[in-house]
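Given next are the chains, with one letter for each unit.
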Amino acid sequence: MPNEDQRSAVEIIKENSNYLRGTIEQGLQDRITGAISDDDTQLTKFHGLYQQQDRDLERERRKQKLEPYYMFMARIRVPGGVCTPAQWLAMDQIADDFANGTIKLTTRQAFQFHGILKRDLKDLMQAVHGASMDSLAACGDVNRNVMCSPDAFQSPIHEQTLADARALSDHLTPRTTAYHEIWLDKKKVDPPQEDVEPLYGKTYLPRKFKIAMAIPPRNDTDIYAHDVGLAAIADGDTLLGYNLSIGGGMGTTFGNPDTYPRLGDVITFCPRDKVVEMVEAIVTVQRDYGNRSNRKVARMKYTIDRMGLNVFVLELTKRLGYELEPPRPCEFTRNGDTYGWTEGVNGKWSCGLFIEGGRVRDTEAAQLRTGLREIAKIHKGDFRLTGNQNVIIANISKTNKPKIQKLLDEYNIIKGLGTSGLRLNSIACVALGSCGLANAESERYLPVLITKIEEILTGLGLQEDEITIRMTGCPNGCARPYLAEVAFIGKGPGSYNMYLGGAFHGQRLNNLYKESLSEEEILAELAPLLKAYAEQRNEGEHFGDFVIRQEIVTEIKHGTEFKH
């Protein structure tokens, strides 16, 4: 463990923050600047906020000797991805009142808003609270939004897994009262009493922590990309527990070979009644042994590799006080979401909608945001955000189904959205023009690139074949690119590293194929590969499996083999 002098600057900020208060309140009142202090930008992450700037205006504002156009991103937690129609309508209103008029659906089943000015932050947070939602721990060095397979129709055990996702979220939420004091104007206790964080302590975790649950055979939340992954094991309609994996994580840093993406290792079957205590014990091992000197290697995946998986598991069993059970048989056969109408095991209907880049807005092709608003006004079920940036209108009665279909038709929501197998399996992070980490475009560019790839696919008769494609503007991995069959990581404006060979079911990392490619070079590289796939693939073989079998790239067995 690092001594006082070895700890990173963020560790000092956390310890001195008085449980995430810092000087956030004072900074909000400063009207001279649109920003808050550097220390407080670290602390507001725990409150679900990121300070950003409009990067499209960077050059012009610098020329005019103006400070950057500061703005904030707010992330709203939705444990398990399930929200009510009233909450959807509240999010829709917030987009107009305080943000840039759009809603972003994230890869962690959360809502995200962009373009928020500092002066509007408190009003936004109070509006979120009014919808019985919050942004506490949506970011920061804590457990973040707990993910769960969203498809209510696919399995009778879904509601049981959702209940466990919510229980984990509640149990691992920070206990600090700072959030309520700063944003909701809750009065401080008099005389003042110091907060207590029984699980996290004053300095919380060394780095972010992520949990995802999935119901086989669909790995629609990419559980192996998370610190803790939980694959549901059932006996008929009864959820018995979960195969539990540890040590997944996507983020890397260009030029730093000590960083790499990693898939989680399955270590045990966890009975359902022990899932909260087992996950808590895992969190405490990471809390006590994670790297607090170097944040680049502070995620639990690095803790496990530094300690050794067996040593980590021994420490876990010591804290639990009992031996771990062996994993049970479990198989995933696919990733991604189901689109269109599906009748559920409960007799109700769901309609899965593709939301390109997760951006809910009206376009010439489809009045998506308006249509979903109108649907929310009459919908009696719920909305389910997916881990692939899409949405499911769920639990629709037979009598309400024709009304919702009429609205889908009126606003051209299904016909106006993408239909190729490649596009329907695409994910993109926000990147430029708001994310300060981005080297290149992603959300705004991937649809354009896909349109050009679709021309190749159509000529080869592959337009309906499902191929996962993901793009990020930097190597931090927000769109889980290292699991995709085809992935692009931004190196600079218009320049991308190209990765191939991920598994369609999310259980294999891809590998670097070519570096620093332009659009012209990307298309030139993909065309012969896709042609070979169309002509030489085996029956039912996915593209990622094909490029591994053909040795176009080699299979990566462990993240330490990964190259940037």
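Everything discussed here concerns the structure shown above.
What comes next concerns the included structure. (Residues numbered from 1 in each chain as written. Predicted model: local features only at pLDDT ≥ 70, side-chain atom pairs only at ≥ 80, totals over all residues. Heavy atoms only, no water.)

1. A few points about the nonpolar core
Rules: As used in this record, nonpolar core signifies buried Ala, Val, Leu, Ile, Met, Phe, Trp, Tyr and Cys residues forming a set joined through side-chain atoms within 4.5 Å. Whether a residue is buried, partly exposed or exposed follows from its accessible area with a 1.4 Å probe, protein chains only, as a fraction of its type maximum: under 20%, in between, or over 50%, in that order. Secondary structure elements follow DSSP: runs of H or I of four or more residues count as helices, runs of E of two or more count as strands, with numbering from the N terminus. Residue contacts are defined here by distance: any two heavy atoms, one from each residue, within 4.5 Å place the two residues in contact.
Counting 99 residues, the largest nonpolar core has Trp88, Met91, Phe111, Phe113, Trp183, Leu244 and Ile282 as the members making the most contacts within it. Broken down by element, this core gets its largest block of residues, seven residues, from helix 9 (residues 275–289). If we ignore the near neighbours within four places in the chain, the residues touching Phe113 are Phe72, Met73, Ala74, Ile76, Met91, Ile94, Ala95, Ala99, Thr102 and Ile103. Of all hydrophobic cores here, the second largest spans 32 residues; its members include Leu422, Tyr445, Ile469 and Phe546.

2. Re the packing of helix 12 (residues 368–378) against helix 13 (residues 401–410)
Filter applied, for reference: A fitted line through C-alpha atoms represents every axis, and for helices the fit uses only the stretch in contact; the resulting angles, taken between N-to-C directions, go from 0 to 180 degrees. The labels follow the angle: roughly parallel below 35 degrees, roughly antiparallel above 145, roughly perpendicular from 65 to 115, and oblique for the rest. By convention, the crossing between two helices is left-handed when the near helix turns anticlockwise from the far helix through less than a right angle, and right-handed when the turn is clockwise. Ten residues, namely Ala, Val, Leu, Ile, Met, Phe, Trp, Tyr, Cys and Pro, are considered nonpolar, four, namely Asp, Glu, Lys and Arg, are considered charged, and the remaining ones, Gly among them, are considered polar.
Running from N to C, helix 12 and helix 13 cross one another at 165 degrees; their axes reach a closest spacing of 9 Å. Classified by the interaxial angle, the pair formed by helix 12 and helix 13 is roughly antiparallel. In this structure, helix 12 crosses over helix 13, and the sense of that crossing is right-handed. On helix 13, the residues that touch Glu374, Ile375 and Ile378 of helix 12 are Lys403, Ile404, Leu407 and Leu408. Split by residue class, the contact of helix 12 with helix 13 holds five nonpolar, no polar and two charged.

3. Some remarks on the pattern of salt bridges
Definition in use: Salt bridges are defined as contacts in which a side-chain nitrogen from Lys or Arg sits within 4 Å of a carboxyl oxygen from Asp or Glu.
Throughout the structure, instances matching the rule amount to 43 salt bridges. Residue Glu555 pairs with Lys557 through a salt bridge whose shortest N-O separation is 3.6 Å. Of the residues examined, Glu555 reaches a relative accessible area of 35% and is grouped as partly exposed. Through salt bridges that share partners, Glu11, Lys14, Asp141, Arg292 and Arg295 make up one connected network.

4. Brief notes about unusual backbone geometry
Of the consecutive residues Pro216 and Pro217, the connecting peptide bond is found in the cis state with omega at 15 degrees. The omega torsion of the bond from Leu432 to Gly433 falls at 5 degrees, within 30 degrees of zero and hence cis. Looking at where Gly433 falls in the secondary structure, it is placed in the loop between strand 15 (426–428) and helix 14 (446–459). In this structure, Asn395 is a non-glycine residue whose phi angle is positive, near 55 degrees. Locating Asn395 in the fold gives a position in strand 14 (residues 391–396).

5. A closer look at helix 9
What counts is decided by this rule: How far a helix is expected to stretch is found by multiplying one less than its residue total by 1.5 Å.
The end-to-end C-alpha distance of helix 9 is 21 Å, a good match for the 21 Å that 15 residues give at a rise of 1.5 Å each. Among all positions in helix 9, only Val275, Met278, Val279, Ala281, Ile282, Val283, Thr284, Val285 and Gln286 are buried.

6. Details of the sheet that holds strand 14
The condition is simple: Whether two strands pair comes down to DSSP finding at least two bridges between them.
Here we have five strands laid out as an open sheet, ordered 3-13-14-11-10, and antiparallel in their pairing. Both outer strands of the open sheet, strand 3 (82–83) and strand 10 (340–343), are each paired with one neighbouring strand and no more. Two elements, strand 3 and strand 13 (residues 382–385), share two bridges in a ladder whose sense is antiparallel. Counterpart to Val82 in the pairing with strand 13 is Arg384. Contacts from helix 5 (residues 85–97) reach strand 3, strand 13 and strand 14 within the one sheet, and its direction differs from that of strand 13 by about 65 degrees.

7. A closer look at the packing of aromatic side chains
Condition: Pairing of aromatic rings covers Phe, Tyr and the six-membered ring of Trp, with a centre-to-centre limit of 6.5 Å; geometry is then stacked below 30 degrees between planes, edge-to-face above 60, and tilted otherwise. Counted as over-ring charges are cases with an Arg CZ or a Lys NZ within 6 Å of the ring centre that also lie within 35 degrees of the ring normal.
Under the criterion given, the structure shown has 14 aromatic pairs. On the numbers, 6.1 Å between centres and 85 degrees between planes, the contact of Tyr339 with Phe354 is edge-to-face. A residue pair is termed long-range when its members are at least 10 positions apart, and Tyr339 in the loop between helix 11 (309–320) and strand 10 and Phe354 in the loop between strand 11 (349–353) and strand 12 (359–360) qualify at 15 residues. Exposure remark for Tyr339: the relative accessible area of 26% places this residue in the partly exposed category. According to the relative accessible area criterion, Phe354 is buried, its value standing at 4%. For the pair Tyr533 and Phe543, a centre-to-centre distance of 5.3 Å together with 80 degrees between the ring planes defines the contact as edge-to-face. Of the two residues, Tyr533 sits in helix 15 (residues 519–536) while Phe543 sits in helix 16 (residues 543–549), which places them 10 residues apart along the sequence. By the burial criterion, Tyr533 is buried, and Phe543 matches it. One aromatic cluster is present, formed by Phe46, Tyr200 and Tyr204 through successive ring pairs. Sitting over the face of the ring of Tyr533, Arg537 holds its NZ or CZ atom 4.8 Å from the ring centroid.

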